[in-house]
Amino acid sequence: MTTFFNHQAIEQKWQRVWADSAINQTGPAKGKKKYILDMFPYPSADGLHVGHPESYTATDIMARYFRFKGFNVLHPMGFDSFGLPAENYAIKQGVHPQIKIQENIVNFRRQIKSLGFSYDWSREVDTSSPEYYKWTQWLFLKLYEQGLAYKRLAPVNWCPSCQTVLANEQVENGKCERCETDVMQKNLEQWFFKVTAYAEELLNKIDDLDYAEALKATQRNWIGKSEGAEIEFVIKNEELRIKVFTTRPDTIFGATYLVLAPEHELVKSLKLKAENLNEIDSYIKAAQKKNKLERTDLAKEKTGVELQGIKAINPANQAEITVWIADYVLTDYGTGAIMAVPAHDERDWEFAKKFNLPIKEVVVKVMGNRKLVAECRDGVAAVLVKNGKVAILYNKKTDEYRIISGGYEADEDDFTTLKREIVEESGYIDFEIKDYLGQIEANFFAKGKNVERHKFHKGYLVNLLSDRTVSTSFEEDEDFNVLWVNMEEAIEKLSTAGSGEDEFVKRVFDFKQRCFAGEGTILNSGKFDGLSSAQAKDKIIKFVGGQKQVQYKIRDWLVSRQRYWGAPIPIIYCVKCGQVPVPEKDLPVLLPQDVDFKPTGESPLARSQSFHQVSCPKCGSPARRESDTMDTFVCSSWYFLRYADAGNQQAAFSPKAVKYWLPVDLYIGGLEHAVGHLIYSRFIVKALRDMGIIKIDEPFLKIRNQGIILAEDGRKMSKRWGNVINPDEVVEEYGADTMRMYEMFMGPLEDMKPWNQKGIIGLRRFLEKIYKYVTSDKEITNAQSQITNADMERSLHKTIKKVTEDIENLRFNTAISAMMIFMNDVAGHEPAVSQDILEKFLIILSPFAPHLAEELWQSLGHPESIFKQRWPAYDDKLVIDEEVTIAIQINGKLRETIKVKRWLSEKELRPKVESLPNVKKFIGGRPIKKFIYIENKLVNIVA
RNA sequence: GCCGCGGUGGCGGAAUUGGCAGACGCGUUGGACUUAAAAUCCAAUAGUAGCAAUACUGUGAGAGUUCGAUUCUCUCCCGCGGCACCA
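Residues numbered from 1 in each chain as written. Chains lettered and ligands numbered in written order. Predicted model: local features only at pLDDT ≥ 70, side-chain atom pairs only at ≥ 80, totals over all residues. Heavy atoms only, no water.

**Let's talk about the overall build of chain A**
Item 1. Within chain A one finds 31 helices and 38 strands.
Item 2. On the principal axes, the C-alpha backbone points of chain A span a range of 110 × 105 × 50 Å.
Item 3. When each of the 943 residues of chain A is scored for burial, the buried share is 53%.
Item 4. A sequence separation of at least 24 residues applies to 73% of the contacts in chain A between residues at least 6 apart.
Item 5. On chain A, the mean spot of the 129 positive side-chain charges and the mean spot of the 132 negative ones are 3 Å from each other. (Helix = DSSP H or I, 4+ residues; strand = E, 2+ residues; numbered from the N terminus. Buried < 20%, exposed > 50% of the residue type's maximum accessible area, 1.4 Å probe, protein only. Contact = heavy atoms within 4.5 Å. Lys, Arg positive; Asp, Glu negative; His and termini not counted. Charge placed at Lys NZ, Arg CZ, Asp CG, Glu CD.)

Now the structure itself:
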């Protein structure tokens, strides 16, 4: 590649100057501020990958832009340096994690600096340094004081390969997110942070935050709120009550059995009273052998066992119902017991079908809209409420279906109605009822009869047994029936019928649809009949003496780890006093250097006598130190607070510094941290707020997630595929500015996009074009047309406007495109533009390509850095063109364009337009029906 | 299954209170310069038909609203991400 400028010399020169002049150092805490933050990296041995510069460039542009705008900007960088990879490397290679991680940090810092980011390195943090983790331990103690950190025996996730427990957030599809080993369940005593105490606030504050919809949805899903009720079922002849959680109290009249999870606390005593203890025991044993993944496998057929001889009483209708144990009920959600409503819950339906349990329908689907029907009531002869029957007749021989519908007569039962209607309408006499399809409520307007209909229909599938017929008079109106059709036709022709028959057709072909799990109108529920589900819920909860209840899926955060390379948990176990927190003055609890850190399942720290054996800080008795370390996510859940006051020796941070700098105004990082790091950080901030230590509710006002950069082959970059792009090589060959520009130009920040090695050249050419234009004496050889400085002034102001707006909206790709358009305007035209125009252009370029902009700025005779300048303002008058091109359409098709003065009136414009030859041609002498004029944009002539 | 995001040339992408689809860049083709190549510069570049002017088609599919739809509404298909026996 020919080089018109020596990027290496320029970049080295300015990186040195900037470092020496401390130009990126954060100002004292006063004036208007912006806190622009990147997710700090884990300093892996592989060094930076191209995803890092993507988000770092974006934040760097923002930081530089806001400095130009006169803001005091905090833009820090640091390293999340505790964690497993360094430890695993240490185990393999025998190098202490600390040594390896420091090497990696040196490399990371070099790489980051080579890209010319404007970080304030004086505030760098390193989570594995005692100066930092002292305060991580302090944070732990603060949470401990509040009861937000606690130790508890609980079923936890255990990774047999990493030899440690994991938080729920670190398990993906039952596998360890780090090593993809199947995670086991173990009952262990572990440390937790009480995130659930903030579940509600974590959920409802999401609405006010400026996060991408994907991030919000992910967090909402993870928190998993559902509102319902807890209701007690009495066990017959026993003093026992079983509490169930349900979100559908409106279906309780349809609860035909109860189900307990195998681990439910009442199972132990109940099974002894059952008649089939052995069967029950073997079922429980079998269930507990399965791991979580097997238990929750949706494809698996449901299993269960009845507690024979035991009956519960449905509190709604006093019916005696059976009690079952089944592992489709989860132990750790709700109360670990459910009321089963097979008619309205697919899982209960499946279970009931398998074990032949009663299915009672208490909610019907509502078709059509009662309100709409009411609105078109005017002029309707009568309101007819007549309940009907729909039979779907199936002819096995021809594999065809036919719909027959009709109403009750007098007090007929279902079968009599069906029989009569089928004979009357079709003449067939030999059939049997095969399946009940459920009930629906239909609301519609029958045009032919001019009546509004509001009915309940029951549907049946009826098998034709032979072709025998009797002659009928076919009195019924055949137009209302679709005669024999095959399956596809039945679905197609009837799915738009809208009167409710279509719903039954669906239920014929889709077995699952026969279990209606939606909300509707209540039936078979005593005095609640006719209410909607929504209306019935509260009333029924009251009626059965239940309690309204909210459930969340999110669990407390398991923070202890049985590994070496983490912050030690500052707790001491005294023989006399029990759990004793390490006094703050004794912090940090230093990680011992001389430990065999091989993982064995026991915490490696337990093997260090000097670490382990201590005396109680309270009474001096013999004691032992907690030997677990903290999850690295604890370190990263507060680092953004430390940046505000990084050098503080006396405290984690001063309230004053946090008050000024926090919350973070813009945080950019990967979406993979949606439920781990980001929820943890939000939790920690809320906990510290409630302790009165800080005053903010949320750590991050605005979060954007950079999209993954894929390899050229469209796959993820991975050593395995050998398709990884090394940023160092790109910087060396094309330069840091080109690299920055390319990554910003690839596409929208948040989109996933593939790398294209050839595409980089376009950005390099663009920078060269600028360099040549500014440094040469502007003898443009290929002058195509004359252009005035006033024209260029306009072009510049348009560009400033576009780039300013695009930066504020993080649309860097179109900002660069706008600058390219400006250069295309300038270059190749004579005469050259004024120095003033060039200088302003360099300023708006400088956040993107800081080295080149600074170099050219200096070459224009400025001794002071370009980054000391102010952002150029644009003049609205110069941005708007006086002449506009108006598109002329005839009947919606573009036929001509015309250049006119801006804001030309229709009166002035119309004759001009109508006299255009093309317009005359396409109108072809027809009269003009309509002349639509959108000012400054378009004319559409309808002829 | 539920929730969220998306589907536009050969490729990355642009255009949204509904108003000229394909900006900008890559690639490709042709030309200039050169002994030659690279680099650079100029031109063309959605598809189909045509020598051409031009015409028709075209933003995942189908329908709808509208003078006008990539943009709004409905139905469906496909891709990505999250949750998932959560009662």
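**Brief notes about the side chain of T57**
Item 1. Tracing the backbone shows T57 in helix 2 (residues 51-68).
Item 2. The exposure class assigned to T57 is buried, which follows from its relative accessible area of 1%.
Item 3. A distance of 2.6 Å separates a polar atom in the side chain of T57 from the backbone oxygen of P53.
Item 4. When neighbours within four sequence positions are excluded, T57 is seen to be in contact with F117, R740 and M744. (Polar contact = N/O pair within 3.5 Å; in protein donor to acceptor, adjacent residues only side chain to side chain.)

**Digging into unusual backbone geometry**
Item 1. Here the residue pair L587 and P588 is connected by a cis peptide bond, since its omega of 0° sits within 30 degrees of zero.
Item 2. With respect to the helices, strands and loops of the structure, P588 is situated in the loop between strand 25 (578-581) and helix 17 (609-612).
Item 3. With an omega dihedral of 0°, the bond running from L662 to P663 counts as a cis peptide bond.
Item 4. Inspection of the secondary structure assignment puts P663 in the loop between helix 20 (655-661) and strand 29 (666-669).
Item 5. Although it is not a glycine, Q163 sits at a positive phi angle of roughly 60°.
Item 6. Along the chain, Q163 turns up in the loop between strand 3 (149-159) and strand 4 (164-166).
Item 7. The class for Q163 is partly exposed, based on a relative accessible area of 22%.

**As for the sheet that holds strand 22 (residues 557-558)**
Item 1. Taking strand neighbours across the sheet as the criterion, the four strands line up as 4-3-7-22 in an open arrangement whose pairing is antiparallel. Lying at the two open borders of the sheet, with one neighbouring strand each, are strand 4 and strand 22.
Item 2. The sheet contact formed by strand 7 (residues 184-193) and strand 22 spans two bridges and is antiparallel. Within strand 22, the residue paired with F192 across the bridge is L558. (Pairing = 2+ DSSP bridges.)

**A closer look at helix 24 (residues 760-775)**
Helical geometry: 3.6 residues make up each α-helical turn, so side chains three or four residues apart lie on a common side.
Item 1. Taking 1.5 Å per residue, 16 residues should reach 22 Å; helix 24 reaches 23 Å between its end C-alpha atoms and fits that length.
Item 2. Check the buried side of helix 24 and you find it contacts helix 1 (7-21), helix 22 (727-734), helix 23 (736-745), helix 26 (812-826), helix 27 (835-845) and helix 28 (850-859). (Expected span 1.5 Å × (residues − 1).)

**Examining the protein's contact with RNA strand B**
Item 1. RNA strand B sits among 57 residues. The nearest are T247, K302, R347, M746 and R765.
Item 2. Take the atoms of RNA strand B that sit within 4 Å of the protein: sugar and phosphate atoms are 63% of them.
Item 3. A distance of 2.3 Å is found between a sugar or linking oxygen of RNA strand B and a backbone nitrogen or oxygen belonging to T247.
Item 4. One of the side-chain nitrogen or oxygen atoms of R895 is found 3.2 Å away from a phosphate oxygen of RNA strand B.
Item 5. For the surface near RNA strand B, the secondary-structure elements that each account for two or more residues are helix 7 (213-223), strand 9 (241-246), helix 24, helix 26, strand 35 (883-890), strand 36 (893-901), strand 37 (930-934) and strand 38 (938-942).
Item 6. Grouping the constituent residues of the surface near RNA strand B by class yields 24 nonpolar, 19 polar and 14 charged. (Near = heavy atom within 4 Å. Nonpolar A, V, L, I, M, F, W, Y, C, P; charged D, E, K, R; others polar.)

**A short note on the sheet that holds strand 36**
Item 1. The strand order 36-35-38-37 describes an open sheet built from four strands, whose pairing is mixed. Edge positions in the sheet fall to strand 36 and strand 37, since each of these pairs with one other strand and no more. On average, each strand axis in the sheet is tilted by 20° relative to the strand beside it, whichever way the strands run.
Item 2. Sitting on the sheet, helix 30 (residues 906-914) touches strand 35, strand 36, strand 37 and strand 38, and the angle it makes with strand 37 is about 120°. (Axes fitted to C-alpha atoms, helices over the stretch in contact; angles between N-to-C directions.)

**Focus: the nonpolar core**
Item 1. Ranked by size, the top nonpolar core spans 91 residues in total, and within it F140, L143, W557, F640 and L662 carry the most contacts.
Item 2. Per-element tally for this core: the top contributor is helix 5 (residues 130-145), with nine residues.
Item 3. Of all hydrophobic cores here, the second largest spans 85 residues; its members include M62, I105, L767 and I816. (Core = buried A, V, L, I, M, F, W, Y, C linked by side-chain atoms within 4.5 Å.)

**Describing helix 2**
Item 1. For helix 2, with 18 residues, the first-to-last C-alpha span of 26 Å sits near the 26 Å given by 1.5 Å per residue.
Item 2. Within helix 2, 18 of the 18 residues are buried, leaving the element largely enclosed by the surrounding structure.
Item 3. G70 lies just past helix 2 and shows a positive phi near 90°.

**Notes on the side chain of E441**
Item 1. Tracing the chain through its elements places E441 in strand 18 (residues 431-446).
Item 2. A distance of 2.4 Å separates the side chain of E441 from the side chain of T521, its partner in a polar contact.

**Quick word on the pairing of strand 9**
Item 1. Direction of pairing for strand 8 (residues 226-235) relative to strand 9: antiparallel, over a ladder of six bridges. Bridge assignment links F233 to a residue of strand 9, and that residue is I242.
Item 2. The turn joining strand 8 and strand 9, which pair antiparallel and follow one another in sequence, is formed by five residues; a positive phi near 65° is taken by N237.

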